[in-house]
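Read off the chains here:
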Amino acid sequence: MNAPAALGMVLTVIVTIGLAAYSSRLARTTGDFYVASRSVPSWWNASAIAGEYLSAASFLGVAGLIMVGGADAVWFPVGYAVGYVLLLALVAAPLRRSGAYTLPDFCEARLRSRHVRLIASALVVLIGWLYVLPQLQGAGLALQILLDTPVWVGGMLVSLTVLVVIVGGGMRSVTLVQGFQYWLKVVAIMVPVLFLLAAWRADSGPSTLTETPPTFHGTTTVKVESDIEVTVTDPVRVLADGSVDGNVIDGPVLWGEGNHRVGSRTTLTFPDGAAVPHLSSTPAQTGRDWGQTLQGGQEHALYRTFALMFALFLGTMGLPHVLVRFYTNPDGRAARRTALVVIGLVGLFYLAPSVYGMLGRLYTPELLMTGRTDAVVLLLPQALVGGWSGEWLTALVAAGAAAAFLATATGLTVTVAGVLSQDVVGRWISNPIVSFRVAAAAAVLVPLLLGLTAESLPLARAVSLAFAVAAATFSPLLLLGIWWRRLTDVGAAAGLIVGGVTASAAIVISTLVPSLTGWPSALLAQPAAWAMPAAFATMVVVSRRSSHRLRPGVDRIMIRLHTPESVGVQRTWIARGQR
Amino acid sequence: MSKSENKPRREVIIGPRRDVRRRPPRPVTDEIDDQTRVGKVYLRSLIRTQLLLGLATVALVVVPLIAMPLIFGWWPAARSLQVGPLPLWWLILGILVYPAILGVGWWYVRQADRNEAQFTDLVEGR
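Residues numbered from 1 in each chain as written. Chains lettered and ligands numbered in written order. Predicted model: local features only at pLDDT ≥ 70, side-chain atom pairs only at ≥ 80, totals over all residues.

Focus on the overall build of chain B
Then step 1. When you go through chain B residue by residue, the secondary structure sums to four helices and two strands.
Then step 2. Counted from the first residue to the last, chain B has its helices and strands arranged as α-α-α-β-β-α.
Then step 3. Expressed as a percentage of the 126 residues in chain B, the buried residues total 25%. (Helix = DSSP H or I, 4+ residues; strand = E, 2+ residues; numbered from the N terminus. Buried ≥ 20, exposed ≤ 12 C-beta atoms within 10 Å, placed from the backbone.)

Here you go:
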């Protein structure tokens, strides 16, 4: 039990609920809220977007993936940030000028089709759930590590808090809360970096780029939480308490070279300087190979790298909870400024995870053995700085992690609930407030239940699947919808279905059949690189074949999307004869 | 003084042409509103300018990033390059990439605003 960490998390939850309650008193109706939020300056609106965007995958997952994957894993933070350059340059201003509040709204405004709207709604729900799932699992992991609770507790607490914020705090979790959570996250990840680097220098600054695989730093006791199989390269004498290779052991064992099984709830103590046994599924790497690109020994590593870049660069513009926030800009120019500030804010944050990943290999290498590298941000302050300052730094990162789960889970749940209540629940329940609350409960419950049954992937990788679906569906829709007047409703629908079905099928197959190898494995694990072009081509071809379905108002919509608000032109479409 | 000098000079007086109606020039905003051919040309040229700017911005960021794994994968000498204690790869992708994309984004916003201002001046005839 780590008291400061618990305090950090509890404080974050209290401040979140408090701010939500306070701001919901300021804005009593949704109308009030929109008006109020339109007077928000660009940088604060950008803080809110960044606050909603930087999820558990960014706060915990990126550092963990860098710790394992090294040079090739830097594409995760780079991709998460570069996505905003594409969003800025190709989408931000026209999307704001469309006047659409959500992606389904954009489909309806641009294509005037209820059917495309419904497909878009289904995709928003799918992407939202894919994205919430790792947030809940991340919360479970964080609480298990810091407070020793069962793994389902964290997800349950986050779900409850999200429900309280949404149901109690009004229709939308407000700009104020999300903006605050961005700054909390930046402070929580940056301040410990300064202490960590100082402690590392005081330790004579050992290099991560060693000629050998990682070794234990000091006598290290490792608590194994779930059954694992590890590969030992150098024979080592271990003090074990629990189940090792199928035997119940309480005392020293000599581990020879080869694979060894360790049961859950086993404690192992390794001597100082011993080579860290690696999870059998991820081969041990020397520090030098870790620091080089394409040295991980993965098949088709170059394809995987490019496909990941593709998914992250194009996926960002298709994330439903991010796009919602662009509506709160007063006009298209402000939307561009907001997107630019987001690039700066997100980039500032992503300077930090690499430091945790590098130092994690030196000071918390046991995570490479248990496979729980997502915990490196939470454990490194105590391991490297130690003492009471280590405890308070742990409290700080715990608070930041809590802000990460809450901000993203809240934003996504609101978006999913909005879509569900408008397009599904609203058909049976006419009272909009009741219907929104029912939808919010459903939006939280489904990923919570899925999280209890689904296999846990590394956080940042799980999130990249949501990016892949977004890249294969909404990104071609937005790009063509904004820049190509001849996109038709049928073309958009066909492309959304092709992209959505192929990308999700690939994800399901690669999760259910992990034994695939070679090209099938690479193509299915990173589907965006082929699913997005397929969806794009489908939209173009089908639209060309159905050009008779182009609405007469399409030029009016293009005027609306692209002319600056200051130009006095007619922006709404009036049918011929009404003028 | 000769006679010819006393005679009034012949002058050619041109009256207003009757076959063309004089009227104030039509504002381009009306052309766009009515979706005349002129209006469509203005709008399409704006869309084309902004699309090219957007694509140039994306290329400016994405092309160097795509080149990174190719250069480091095929040219092993790049791997041993270091700046201080930091390998070049980590210096670029861990640190420098973030200010770089911010700079490109800033350039884009300036250009996009300029394109829109030019369009506004053009159609409002200022």
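Things to note about the overall build of chain A
Then step 1. On a plain count of helices and strands, chain A comes out with 23 helices and seven strands.
Then step 2. At 25 Å, chain A has a C-alpha radius of gyration in line with the 25 Å of a compact globule built from 579 residues.
Then step 3. Overall, the C-alpha framework of chain A stretches about 90 × 50 × 45 Å when taken along its three principal axes.
Then step 4. In chain A, which comprises 579 residues, the share counted as buried stands at 58%. (Rg over C-alpha atoms; globule rule 2.2 N^0.38 Å.)

Quick word on the interface of chain B and chain A
For interface size, the figure often reported is the accessible area lost on association.
Then step 1. Taken together, the contact between chain B and chain A spans 41 residues of the former and 40 residues of the latter.
Then step 2. Contributions of two or more residues to the side of chain B that touches chain A are made by α2 (28-33), α3 (37-74) and α4 (88-124) of chain B.
Then step 3. Per element, the largest residue contribution to the side of chain B that touches chain A is 21 residues, and it comes from α4 of chain B.
Then step 4. The class makeup of the residues in the side of chain B that touches chain A is 27 nonpolar, nine polar and five charged. (Contact = placed C-beta atoms within 7 Å. Nonpolar A, V, L, I, M, F, W, Y, C, P; charged D, E, K, R; others polar.)

A few points about the nonpolar core
Then step 1. Among the nonpolar cores identified, the biggest contains 218 residues, and I343, V346, A401 and A528 of chain A are the most heavily contacted of them.
Then step 2. The contacts of A528 of chain A, once residues within four sequence positions are left out, are A307, F310, A311, L314, G315, A468, A471, A472 and A503 of chain A. (Core = buried A, V, L, I, M, F, W, Y, C linked by C-beta atoms within 7 Å.)

Structural notes on the confidence of the model for chain A
All names here are of chain A.
Then step 1. On average, residues of chain A score 86 in pLDDT, and 93% of them are at 70 or above.
Then step 2. The weakest mean pLDDT in chain A belongs to helix α2 (residues 30-38) at 46; the strongest belongs to helix α22 (residues 528-545) at 96.
Then step 3. Taken together, the stretch residues 31-37 has pLDDT below 50 and engages in nine contacts with residues farther than four places along the chain or on a different chain.
Then step 4. Of the regions scoring below 50 in pLDDT, residues 573-579 engages in four contacts with residues more than four places distant in sequence or in other chains. (pLDDT = per-residue confidence, 0-100.)

Here's the deal with unusual backbone geometry
All names here are of chain A.
Then step 1. In this structure, S204 is a non-glycine residue whose phi angle is positive, near 70°.
Then step 2. One can find S204 in the loop between α9 (175-202) and β1 (220-224).
Then step 3. Given 6 C-beta atoms within 10 Å, S204 falls into the exposed group.
Then step 4. For R265, which is not glycine, the phi dihedral falls at a positive 60°.
Then step 5. In this fold, R265 is placed in the loop between β5 (258-262) and β6 (266-270).

Some thoughts on the environment of P4 of chain A
Residue and element names in this part refer to chain A.
Then step 1. The topology assignment puts P4 in helix α1 (residues 3-26).
Then step 2. With 19 C-beta atoms counted inside 10 Å, the residue P4 sits in the partly exposed group.
Then step 3. Here the alpha-carbon distance between P4 and Q526, two residues 522 residues apart in the chain, equals 40 Å.
Then step 4. Setting aside chain neighbours within four positions, we find P4 in contact with E391, W392, T394 and A395.

A look at the environment of L345 of chain A
All names here are of chain A.
Then step 1. Tracing the backbone through its elements, the reader meets L345 in helix α13 (residues 332-350).
Then step 2. A count of 25 C-beta atoms within 10 Å places L345 in the buried class.
Then step 3. With sequence-adjacent residues up to four places away left out, L345 is seen in contact with A46, S47, A50 and Y182.

Some remarks on the packing of helix α20 (residues 489-512) of chain A against α22 of chain A
All names here are of chain A.
Then step 1. Taken N-terminus to C-terminus, the directions of α20 and α22 make an angle of 160°; their axes are 7 Å apart at the nearest point. Taken together, the axes of α20 and α22 are roughly antiparallel relative to one another. Crossing angle aside, the handedness with which α20 passes α22 is right-handed. Contact with α20, carried on its side by V490, G491, A492, A494, G495, V498, G499, T502, A503 and A506, involves A528, A531, M532, A534, A535, F536, T538, M539, V542 and S543 of α22 and no other residues of that element.
Then step 2. For the contact of α20 with α22, a count of residues per class yields 14 nonpolar, six polar and no charged. (Axes fitted to C-alpha atoms, helices over the stretch in contact; angles between N-to-C directions. Parallel < 35°, antiparallel > 145°, perpendicular 65-115°, else oblique. Left-handed = near helix turned anticlockwise from the far one by under 90°.)

Some remarks on the confidence of the model for chain B
Residues and elements named next belong to chain B.
Then step 1. Per-residue confidence for chain B gives a mean pLDDT of 83; residues scoring 70 or more make up 78%.
Then step 2. Looking across chain B, the model is least confident in helix α1 (residues 3-6), with a mean pLDDT of 58, and most confident in α4, with 93.
Then step 3. What the predictor reports for the complex is a pTM of 0.89 with an ipTM of 0.90.

A word on helix α4 (residues 56-69) of chain A
Residues and elements named next belong to chain A.
Then step 1. The terminal C-alpha atoms of α4, which comprises 14 residues, lie 18 Å apart, in line with the 20 Å expected from a rise of 1.5 Å per residue.
Then step 2. Maximum bend of α4: about 30°, positioned at V62.
Then step 3. Judged by how many residues are buried, α4 sits mostly within the fold: 14 of 14 residues are covered.
Then step 4. Downstream of α4 by a residue or two, G70 has a phi angle that is positive, lying close to 60°. (Expected span 1.5 Å × (residues − 1). Bend = angle between axes of the 7 residues up to and from the residue.)

Points about the environment of V167 of chain A
Residues and elements named next belong to chain A.
Then step 1. Here V167 lies in helix α8 (residues 151-169).
Then step 2. The exposure class assigned to V167 is partly exposed, which follows from the 15 C-beta atoms found within 10 Å.
Then step 3. Sequence spacing of V167 and Y131 is 36 residues, and the spatial spacing of their C-alpha atoms is 21 Å.

Description of helix α14 (residues 353-363) of chain A
Then step 1. Most of α14 of chain A sits out of view: 11 of its 11 residues are buried.
Then step 2. Turning to α14 of chain A, its buried residues number three or more, namely P353, S354, V355, Y356, G357, M358, L359, G360, R361, L362 and Y363 of chain A.

Examining the packing of helix α19 (residues 459-483) of chain A against α22 of chain A
Residues and elements named next belong to chain A.
Then step 1. Taken N-terminus to C-terminus, the directions of α19 and α22 make an angle of 30°; their axes are 8 Å apart at the nearest point. Classified by the interaxial angle, the pair formed by α19 and α22 is roughly parallel. Considering how the two elements wind past one another, α19 and α22 form a crossing that is right-handed. For the pair α19 and α22, the contacting residues are A468, A471, A472, T473, S475, P476 and L480 in the first and A528, A531, M532, A535, F536 and M539 in the second.

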